[in-house]
Amino acid sequence: MGFSTDAIHGGQSPEERSGAVITPIYQTSTYKQDGIGQHRGYEYARTANPTREALERNIAILEGGKHGVAYSSGMAATDTILKLFRPGDEVIVTHNVYGGTYRLFEMVLRDFGLVFKHVDTTDLKEVRSAFTSSTRLVFLESPTNPVLQVSDIAAICEIAHENNAVVCVDNTFMTPYFQKPLSLGADIVVHSTTKYLNGHSDMVGGMVIVNDDQIAERLRYLQNCVGAVPGPFDCWLALRGTKTLAVRMKQHEENSRRIAAFLREQPGLEKIYYPGYDDHPQHDLARRQATGFGSIIALDVGSLGRADKVLRSVRLFTLAESLGGVESLISHPASMTHGSVPKSEKDKLGVTDGLVRLSVGIEDVEDLEADLKQALA
Ligand code: P1T
């Protein structure tokens, strides 16, 4: 089946009892049992819920994976992946990841004995030399949040597998519409479903997709054990969101290309980050491993003062955390998404006080351009 067909039908079929075409919201915490040990596959909603299962199947199909396991947020999903490992295990991490991921690794999980090595994963030599006999996981974000560096997923998977480590890719920015990490050799894909998969900025959720049965079984065990599960209504919203993923991503992409070209013509922008520019350092790689460049663009307007002016002047773009919704958002990574990353790290990555991040929505692009034009002026 094609991507759009899978997005609309994958993992779902009309409900047996009523014929309801859309998967119902099974808003229940528990299920009737007919006798001791006699139930219909559902005992308690932390363990299983039919709406959640439909979402898990749907996103697994879109990623080309066998198993999907849903969590209450992208961070809960990542936290659970790290619970597959033990104290002393080493993790190689893309040096520019979402600030919340950095915070989880450095401020929480480090205290439990996991060792994180922050590496420029765009440089395969650096990746290779970061491995030790204790390396168990490579955690990639590609493209990165917010400066859109692209790592060679297939090459890194090869290096990791030679070293008996597994690779997890945070595919939030690309979605399976543009990039399928499992097909490039990755073992685990993680998503913040809060973003493009849901696409309407009205829920928070996470998803992990794998092919390996044993990893899936452990992820499910942890899902039930820890209980960081999404509620049925949030699952239903995400499931409604994925139905239009293909058409939304096409429009996000088209609008972003236009905005990226428009920004290049504006004076006084120190740096613009967008993998679709043919002089982006990993432009060819981005073209090779994905079918689009997404809709995040970061631009350095030069100073905190100018960034503040731009952020206060926008009328259509909304100053807010998050990304990937139908509406255009604008944010200030240094103080918002990457607020918990030390200044020295931010400086190294280019997350300056003047950096502004756009999540280009699917409004009429002329309106978006006009808004940016007046705000930059
Ligand atoms: O917000 P949550 O659903 O827990 O997802 C965390 C997360 C994971 N991975 C990436 C690449 C992300 O961008 C995020 C969340 N990011 C934002 C809230 C943001 O504004 O960048």
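Residues numbered from 1 in each chain as written. Predicted model: local features only at pLDDT ≥ 70, side-chain atom pairs only at ≥ 80, totals over all residues. Heavy atoms only, no water.

### Notes on unusual backbone geometry
Thinking step 1. Here the bond from Ser 142 into Pro 143 is cis, since omega is -5°, no more than 30 degrees from zero.
Thinking step 2. Of note, Pro 143 is situated in the loop between strand S4 (135-141) and helix H6 (153-162).
Thinking step 3. In this structure, the amide linkage connecting Asn 145 to the following residue, Pro 146, adopts the cis form with an omega of 10°.
Thinking step 4. Along the chain, Pro 146 turns up in the loop between S4 and H6.
Thinking step 5. Positive phi, close to 60°, is recorded for Leu 148, a residue that is not glycine.
Thinking step 6. Along the polypeptide, Leu 148 turns up in the loop between S4 and H6.
Thinking step 7. Owing to a relative accessible area of 1%, Leu 148 belongs among the buried residues under this scheme.
Thinking step 8. Of note, Ser 201 is a non-glycine position whose phi angle comes to about 55°, a positive value.
Thinking step 9. Assignment of secondary structure puts Ser 201 in the loop between strand S6 (188-192) and strand S7 (206-210). (Helix = DSSP H or I, 4+ residues; strand = E, 2+ residues; numbered from the N terminus. Buried < 20%, exposed > 50% of the residue type's maximum accessible area, 1.4 Å probe, protein only.)

### A look at the site of the ligand
Thinking step 1. In the vicinity of the ligand lie 18 residues, with Asp 170, Ser 192, Thr 194, Ser 322 and Arg 357 positioned nearest.
Thinking step 2. Contact between the ligand and Asn 145: an oxygen atom at 2.8 Å from a side-chain N or O atom of the residue.
Thinking step 3. In this structure, Thr 194 approaches the ligand through a side-chain N or O atom, which is 2.7 Å from an oxygen atom.
Thinking step 4. Among the residues forming the shell around the ligand, the class breakdown is 4 nonpolar, 9 polar and 5 charged.
Thinking step 5. When residues are assigned to domains, the shell around the ligand turns out to be shared by domain 1 (3-242) and domain 2 (246-376), each giving three or more. (Near = heavy atom within 4 Å. Polar contact = N/O pair within 3.5 Å; in protein donor to acceptor, adjacent residues only side chain to side chain. Nonpolar A, V, L, I, M, F, W, Y, C, P; charged D, E, K, R; others polar. Domains from an automatic or database assignment.)

### A few points about the domain arrangement of the chain
Thinking step 1. Taken domain by domain, the chain comprises domain 1 (3-242) and domain 2 (246-376).
Thinking step 2. Relative to domain 2, the C-alpha centre of domain 1 lies at a distance of 25 Å.
Thinking step 3. Across the boundary between the two partners, domain 1 contributes 40 residues, which contact 42 residues of domain 2.
Thinking step 4. Surface buried jointly by domain 1 and domain 2 totals about 3200 Å² across both partners, of which 61% is contributed by carbon and sulfur atoms.
Thinking step 5. Among the residues of domain 1 in contact with domain 2, Leu 148, Phe 178 and Tyr 196 are the three that bury the most area, contributing 24% of the side total.
Thinking step 6. In this structure, the connection of domain 1 to domain 2 is made through 1 salt bridge.
Thinking step 7. The tally of links between domain 1 and domain 2 comes to 17 residue pairs in polar contact (both at pLDDT 80 or more). (Contact = heavy atoms within 4.5 Å. Buried area = accessible area lost by both parts, 1.4 Å probe. Salt bridge = Lys/Arg side-chain N within 4 Å of Asp/Glu carboxyl O.)

### Quick word on the sheet that holds strand S5 (residues 166-170)
Thinking step 1. Here 7 strands make up an open sheet; going across it, the order is S1-S7-S6-S5-S4-S2-S3 and the pairing mixed. At either end of the open sheet lies a strand with only one pairing partner, and these are strand S1 (67-71) and strand S3 (115-119). Recorded for the sheet is a direction-independent mean angle of 20° between the axes of neighbouring strands.
Thinking step 2. In this structure, strand S2 (residues 90-94) lies alongside S3, joined through 5 bridges in parallel fashion. Across the sheet, the residue bridging to Glu 90 is Val 115, located in S3.
Thinking step 3. Relative to the sheet, helix H3 (residues 74-82) contacts S1, S2, S3, S4, S5, S6 and S7, its axis offset from that of S6 by approximately 155°.
Thinking step 4. Contacts between helix H8 (residues 213-226) and the sheet are confined to S1 and S7, with S1 contributing the most and set at about 20° to the helix. (Pairing = 2+ DSSP bridges. Axes fitted to C-alpha atoms, helices over the stretch in contact; angles between N-to-C directions.)

### Concerning the sheet that holds strand S11 (residues 329-331)
Thinking step 1. If you trace the 5 strands from one edge of the open sheet to the other, you get S8-S9-S12-S11-S10, paired in mixed fashion. Only two strands of the sheet have a single partner each, and these edge strands are strand S8 (271-273) and strand S10 (318-319).
Thinking step 2. Examined bridge by bridge, S10 and S11 share 2 bridges and lie parallel to one another. From the neighbouring strand, Leu 319 faces S11, where its bridge partner is Ile 330.

### Here we look at the pairing of S6
Thinking step 1. Along S6, 5 of the 5 residues are buried, which leaves the element largely enclosed by surrounding structure.
Thinking step 2. In S6, alternate side chains face the same way, and those of Ile 188, Val 190 and Ser 192 on one face and Val 189 and His 191 on the other are all buried.
Thinking step 3. As paired strands, S5 and S6 are joined by 3 bridges and run parallel to one another. Residue pairing for S6: Cys 168 is matched across the bridge by Ile 188.
Thinking step 4. Bridge count between S6 and S7: 5 bridges; the pairing is antiparallel.

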